[in-house]
Amino acid sequence: MTRIDDVARLAGVSTATVSRALRGLPTVSAATRRRVLAAAEQLDYAVSPSASRLAGGRTGTVAVVVPRITRWFFGTVVEAVEDFLHQAGYDLLLYNLGGREQVRQRVLRTANLHKRVDAIMLVATPLRAADLTALATLELPGITISSGTVVPGWPCVRIDDVAAARTATRHLLDLGHRRIAHISGDPDDELAFTTHLDRRCGYQEALRSAGIRPDPSLDMESQFTIDGGNRATTELLARGEPPTAIFAACDEMAMGAMTALRDAGLRVPQDVSVIGVDDHDLAGVLGLSTIAQPAAEQGRLAARLLLDPLGARTVDAYAGRIPDPRGAADPPGSPVILPTRLVVRESTAPPREH
């Protein structure tokens, strides 16, 4: 049976170079790769990825944990992470919690990840004390994406949710709106964690800066879904005088709000303006004004930072396209905060009486 050292001997290179060449990693020159491939073909050698990885004490796999893969933000992040890991020669092991407590416990509180992965990425996954204890026991490098998930010693990539909400609300205020409603996350929803709190804080800060006292009757709670936005807006309209504008904590909620307004015979933006957060793939189609957050960039940068402690120099050329926004003065372990931007479309306009 042909072994990897036979190929190395025939090609005149090390076994490590053979492994990198056969895995298609970018640190091997084209000439060396051709020589290795020719030797492997001559000897009829088939590489075993799992064996080559385990021989180096690594699995070549990263665990990525998300609350619900069907949501736009999580799907976009995971796709970007998978692409980056592939370029680096790593595999992705996806865990979709799906709101199921038994899955959470199996993934985070047992030895399920032990010796199966080299590192862990948590995407907007709220943690409990028992989860933190279990993760510390694994002694694996890790990283988190989005706010609300703090693991001691792990870096975090996210946006400034308070600032994003403040910008959205200020846009409505600048248009002349004063009766502005907010649709936020349900504190009982496992996806809410602190994002809904931060975005509510930004909304209220902007109102107070404009001399407006936040009205609790205009602050609704629901799930981060189209249906959640629809139900919250329907309830809001049933309370009496409708607002002239709605700031939804995410684009999917904003889409639900637009549907509810249409069903109630109200026009967007002539009767009620609507703005969200995300820049969902459908936001442009629907003409939805929004605060665009770089979801894919968060995934790629998090993957780059996660692979750094693993010595994955093979991704340097690919990672060079993803600058690390941290400054030299930022302390180690400080969050990496990526910028957001206001995208104005057809769903926001001055109120009719303005």
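All of these numbers come straight from a predicted model, not from anything done at the bench.

*Asks:* Help me out: how do you make sense of a nonpolar patch on the surface in this one?
*Replies:* Where nonpolar side chains cluster on the molecular surface, the patch consists of Leu282, Val285 and Leu286 and spans about 290 Å² of accessible area. Mapped onto the elements of the fold, Val285 is located in helix 12 (residues 283–286).

*Asks:* Sorry, what's going on with the sheet that holds strand 3 (residues 119–123) here?
*Replies:* Backbone hydrogen bonds hold the strands of a sheet together, and the pairing may be parallel or antiparallel. Reading across the sheet, the 6 strands line up as 2-1-3-4-5-11 and stay open at both edges, with parallel pairing between neighbours. With one partner strand each, in any of the chains shown, strand 2 (91–96) and strand 11 (336–338) form the two edges of the open sheet. The mean angle between the axes of side-by-side strands here comes to 20°, regardless of whether they run parallel or antiparallel. Here strand 4 (residues 142–145) pairs with strand 5 (residues 156–159) via 2 bridges, running parallel. Within the sheet, the bridge partner assigned to Thr144 lies in strand 5 and is Cys156. With respect to the sheet, helix 13 (residues 295–307) is in contact with strand 1 (61–66), strand 3, strand 4, strand 5 and strand 11, its orientation differing from that of strand 4 by roughly 165°.

*Asks:* Got a minute to help me understand the pattern of salt bridges in this structure?
*Replies:* Two side chains of opposite charge can pair, provided their charged atoms sit close to one another. For the structure shown, the criterion picks out 13 salt bridges. A salt bridge links Asp219 to Arg200; its shortest N-O distance comes to 2.9 Å. Taken together, the residues span a long stretch of sequence, with Asp219 in strand 7 (residues 219–222) and Arg200 in helix 9 (residues 195–209) at a distance of 19 residues. The exposure class assigned to Asp219 is buried, which follows from its relative accessible area of 17%. Given the relative accessible area of 13%, Arg200 is considered buried. The network of salt bridges with shared partners includes Arg200, Asp219 and Glu221.

*Asks:* Before we go on, may I ask you to explain unusual backbone geometry in this structure?
*Replies:* With the exception of glycine, most residues fall at negative phi, and the peptide bonds are largely trans. Cis rather than trans, the peptide bond between Val268 and Pro269 has omega equal to 10°. By the secondary structure assignment, Pro269 is in the loop between helix 11 (251–263) and strand 9 (273–278). In this model, Ala124 sits at a positive phi of 50°, which is unusual for a non-glycine residue. The phi dihedral of Asp278 falls on the positive side, at around 145°, and the residue is not glycine. Relative to the helices and strands, Asp278 is located in strand 9. On the basis of relative accessibility, which here comes to 6%, the residue Asp278 falls in the buried class.

So, how was this worked out
- Residues numbered from 1 in each chain as written.
- Predicted model: local features only at pLDDT ≥ 70, side-chain atom pairs only at ≥ 80, totals over all residues.
- Heavy atoms only, no water.
- Patch = residues over 30% accessible without salt bridge, like charges linked within 9 Å, V, L, I, M, F, W, Y side chains within 5 Å.
- Areas by Shrake-Rupley, 256 points an atom, 1.4 Å probe, with all protein chains shown as cover.
- Salt bridge = Lys/Arg side-chain N within 4 Å of Asp/Glu carboxyl O.
- Helix = DSSP H or I, 4+ residues; strand = E, 2+ residues; numbered from the N terminus.
- Pairing = 2+ DSSP bridges.
- Axes fitted to C-alpha atoms, helices over the stretch in contact; angles between N-to-C directions.
- Contact = heavy atoms within 4.5 Å.
- Buried < 20%, exposed > 50% of the residue type's maximum accessible area, 1.4 Å probe, protein only.

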